[in-house]
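One-letter residues, chain by chain:
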Amino acid sequence: MTSNAELLQRDHKALVHSLHNPAAHLAGNVWVRGEGCDLIDADGKRYIDAMSGLWNVTLGHGRRELADAAARQMGELAYASGYSGNSNLRALELGERLAELVYPNIHRFFFTCGGGESTDSTIKFARYYFKAIGKPGKFKTISLTGGYHGATLAAMCATGMPAYWAAFEPRMPGFVHIPNHDRYRYVVPPGADPDTAAADELERAILAEGADTVALFIIEPVCGAGSYVPPKGYFKRVREICDKYDVLLAADEVITGFGRTGKRFALDHWGVLPDLMQFAKGITSGYVPLGGVGLSDKVAAVLERPGAEPWMHAHTYSGHPVSCAVALAAIDVLEREGLVARAAALGERLHKGLREQLGSHPNVGDIRGLGLMATVELVEDRATKKNFDVARKIGPQVLAAMRERGVITRGRGDHLYFGPPLVSSEAVVDRIVSAVAEGVHAVLQR
Ligand SMILES: Cc1ncc(COP(=O)(O)O)c(C=O)c1O
């Protein structure tokens, strides 16, 4: 077979990849096989995939039941329109199944092909809702600095990372960002309660914008990029603020949904219900694209009002029967194998291992996350939390050192991310921990 390096050269001539970066790309891999938690490249090299792809291959590679579900459905009905007046059995079965699994106030679903389309759909549901109830001035979306909601144009505007905006400015009007609750770096204002101070930033933003202009607060229960977990009282206070100012609360559960944090859906850690929730990734374990938005009964009700405006939003592949068939099979596996509880137990092992092996390293500033989501944040000076000069590329060097040890993962600057499959063995989790510990020690020589 042609070598990895040759294939990358060919690939580079033919394709533009997400986050296009020629140097990184040509030093990368062409993946040819997946087995459980492992990926194998064109040179036959095998790596543990400590990110489950992009947090999505929760059930690991090679699940026969998912492939069979797709093949069966393709044989029976490959595709049919899902535009109003049309449906298919797998889509309606998946909607019914989700209604049993998600938050108790959510019973109806709109399907998309992934996370970004789900964010755009959530924003449009919020705008539609307020027009329908006679408050058309409420259209703005608030989200967190450091939050990620996708890269389609509206999702990009909700995403709180300037790097995603720079080449595409100007952004659309109507998007506002508030400080992240990042417990490592958020500075609690003097006299404020550390448990709720970051949530109060939402109230400040709503008042600054004018409550009669704000439609939506969209937030990941645990931020994927950085694994930021809010303080205990954060979401309860957010819910109160949203209720007080009539702002819809959307949970972006594209990463956290379907078990990754050790609960089926992550707001269950804090006992708070959202008005809208979005999901993607783990719903099919990444085998086929599928995402969606769940509507609370309150939001869904406006679609049924006599004389309601049509919902003029559409995707050819909304409710795709093959994607829905795979999702049903993936949910069966998740439930049958008790993988939500397994994610909680493995998550404890992962966090304990990281703390034990790296907790006292002078360049490890913070280790955080929940369940099988974790981030190690490297700093030059632990006392002052000073970052390394980006030109030193400390984080990328650690990732390279891990790769030499047979473990691949992602990072952003000096933040190293971990999101292993829910089906990982204890040994896989331990190998990930030892690879990052060895990588940090090798690069930082301590
Ligand atoms: C929380 C969250 N929302 C939205 C998205 C966008 O999903 P997609 O890449 O499927 O458009 C992602 C992708 O990583 C995500 O993590």
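Everything quoted here is computed from the prediction, not taken from an experiment.

### Digging into the environment of Val-407
At step 1: Residue position: Val-407 is located in strand β13 (residues 407-408).
At step 2: Spatially, the C-alpha atoms of Val-407 and Ala-50 are 6.6 Å apart, while their sequence positions differ by 357 residues.

### Describing the sheet that holds strand β7 (residues 214-219)
At step 1: Within the open sheet, the 7 strands sit side by side as β4-β10-β9-β8-β7-β5-β6. Their pairing is mixed. Unpaired on one side and paired on the other, β4 (106-112) and β6 (175-178) mark the two borders of the sheet. With strand direction ignored, the average angle separating the axes of adjacent strands in the sheet is 25°.

### With respect to helix α11 (residues 321-336)
At step 1: For α11, spanning 16 residues, the distance from its first C-alpha to its last is 22 Å, which sits close to the expected 22 Å at 1.5 Å a residue.
At step 2: Among the 16 residues in α11, 13 count as buried, and that is most of the element.
At step 3: Of the residues trailing α11, Gly-338 is marked for its positive phi of about 60°.

### Points about the pattern of salt bridges
At step 1: Considering all chains together, one arrives at 31 salt bridges under this definition.
At step 2: For Arg-46, the salt bridge is made with Asp-38, and the minimal N-O distance between the two is 2.8 Å.
At step 3: Given the relative accessible area of 43%, Arg-46 is considered partly exposed.
At step 4: Between Asp-246 and Lys-135 there is a salt bridge, and its shortest N-O distance comes to 2.6 Å. One end of the pair, Asp-246, is in the loop between α9 (234-244) and β8 (248-252); the other, Lys-135, is in the loop between α6 (115-132) and β5 (140-144), and 111 residues separate them in sequence.
At step 5: Judged by relative accessible area, Lys-135 falls into the partly exposed class, the value being 36%.
At step 6: Sharing partners across several salt bridges, the network here consists of Asp-200, Glu-203, Lys-236, Arg-237, Glu-240 and Lys-244.

### Considerations on the environment of Pro-189
At step 1: Along the chain, the position of Pro-189 falls in the loop between β6 and α8 (197-209).
At step 2: If sequence neighbours within four positions are ignored, Pro-189 has contacts with Ala-197 and Arg-204.

### Re the packing of helix α4 (residues 64-76) against α11
At step 1: Direction vectors running N to C along α4 and α11 enclose 150°, while the axes themselves pass 8 Å from each other. Between α4 and α11, the crossing angle belongs to the class labelled roughly antiparallel. Every pair of crossing elements has a handedness; the one defined by α4 and α11 is right-handed. Mapping the contact onto sequence places Glu-65, Leu-66, Ala-69, Ala-70, Gln-73 and Met-74 in α4 and Pro-321, Val-322, Ala-325, Val-326, Ala-329, Ala-330, Val-333 and Arg-336 in α11.
At step 2: Each residue belonging to the contact of α4 with α11 can be placed in one class, and the counts come to 11 nonpolar, 1 polar and 2 charged.

### Digging into the pairing of strand β3 (residues 46-49)
For a regular strand, side-chain orientation follows a simple rule: the groups alternate between the two sheet faces.
At step 1: Relative to β3, strand β2 (residues 38-41) runs antiparallel, the two sharing 3 bridges. Across the sheet, the residue bridging to Ile-40 is Arg-46, located in β3.
At step 2: Between the antiparallel neighbours β2 and β3 lie 4 residues, among them Gly-44 with a positive phi of about 85°.

### A few points about the packing of aromatic side chains
At step 1: Considering all chains together, one arrives at 16 aromatic pairs under this definition.
At step 2: Ring geometry for Phe-111 and Phe-279: centres 6.5 Å apart, planes at 70°, overall edge-to-face. Remark: Phe-279 occurs in strand β9 (residues 276-279) and Phe-111 occurs in strand β4; sequence separation between them is 168 residues. Across the pair, Phe-279 and Phe-111 agree in class, each one buried.
At step 3: Ring centres 5.2 Å apart and planes at 40° place the aromatic pair Phe-235 and Trp-270 in the tilted group.

### Remarks on the side chain of His-315
At step 1: Here His-315 is to be found in the loop between α10 (297-301) and α11.
At step 2: Given the relative accessible area of 17%, His-315 is considered buried.
At step 3: Ignoring any residue separated from it by four or fewer positions in sequence, one finds His-315 in contact with Tyr-83, Phe-110, Phe-111, Thr-112, Glu-117 and Ser-121.

### Here's the deal with the site of the ligand
At step 1: Every residue close to the ligand is listed here: Gly-114, Gly-115, Gly-116, Tyr-148, His-149, Gly-150, Glu-220, Asp-252, Val-254, Ile-255 and Lys-281.
At step 2: In this structure, Gly-116 approaches the ligand through a main-chain N or O atom, which is 2.7 Å from an oxygen atom.
At step 3: Lys-281 is positioned with one of its side-chain polar atoms (N or O) 3.0 Å from an oxygen atom of the ligand.
At step 4: Considering the ligand on its own, with 390 Å² of exposed area, one finds that the protein chains cover 78% of that surface.
At step 5: Looking at the shell around the ligand, its residues break down into 3 nonpolar, 5 polar and 3 charged.

### Points about the nonpolar core
At step 1: Ranked by size, the top nonpolar core spans 128 residues in total, and within it Leu-94, Phe-217 and Phe-418 carry the most contacts.
At step 2: Setting aside residues up to four positions removed in sequence, Leu-94 forms contacts with Phe-111, Ile-283, Leu-290, Cys-324, Ala-327, Leu-328 and Ile-331.

### Things to note about the packing of helix α13 (residues 394-404) against helix α14 (residues 426-444)
When two helices pack together, their arrangement is captured by the angle between the axes and the distance separating the axes.
At step 1: Where α13 contacts α14, the axes come no closer than 8 Å and their chain directions differ by 125°. As judged from the angle between their axes, α13 and α14 are oblique. Where α13 crosses over α14, the two elements pack in a sense that is right-handed. Where α13 approaches α14, its residues Ile-394, Gln-397, Val-398, Ala-401 and Met-402 are matched on the opposing element by Ala-435, Val-436, Gly-439, Val-440, Val-443 and Leu-444.
At step 2: Residues of the contact of α13 with α14, tallied by class, amount to 9 nonpolar, 2 polar and no charged.

Criteria and thresholds
- Residues numbered from 1 in each chain as written.
- Predicted model: local features only at pLDDT ≥ 70, side-chain atom pairs only at ≥ 80, totals over all residues.
- Heavy atoms only, no water.
- Helix = DSSP H or I, 4+ residues; strand = E, 2+ residues; numbered from the N terminus.
- Pairing = 2+ DSSP bridges.
- Axes fitted to C-alpha atoms, helices over the stretch in contact; angles between N-to-C directions.
- Expected span 1.5 Å × (residues − 1).
- Buried < 20%, exposed > 50% of the residue type's maximum accessible area, 1.4 Å probe, protein only.
- Salt bridge = Lys/Arg side-chain N within 4 Å of Asp/Glu carboxyl O.
- Contact = heavy atoms within 4.5 Å.
- Parallel < 35°, antiparallel > 145°, perpendicular 65-115°, else oblique.
- Left-handed = near helix turned anticlockwise from the far one by under 90°.
- Nonpolar A, V, L, I, M, F, W, Y, C, P; charged D, E, K, R; others polar.
- Phe/Tyr/Trp six-rings, centres within 6.5 Å; stacked < 30°, edge-to-face > 60°.
- Near = heavy atom within 4 Å.
- Polar contact = N/O pair within 3.5 Å; in protein donor to acceptor, adjacent residues only side chain to side chain.
- Areas by Shrake-Rupley, 256 points an atom, 1.4 Å probe, with all protein chains shown as cover.
- Core = buried A, V, L, I, M, F, W, Y, C linked by side-chain atoms within 4.5 Å.

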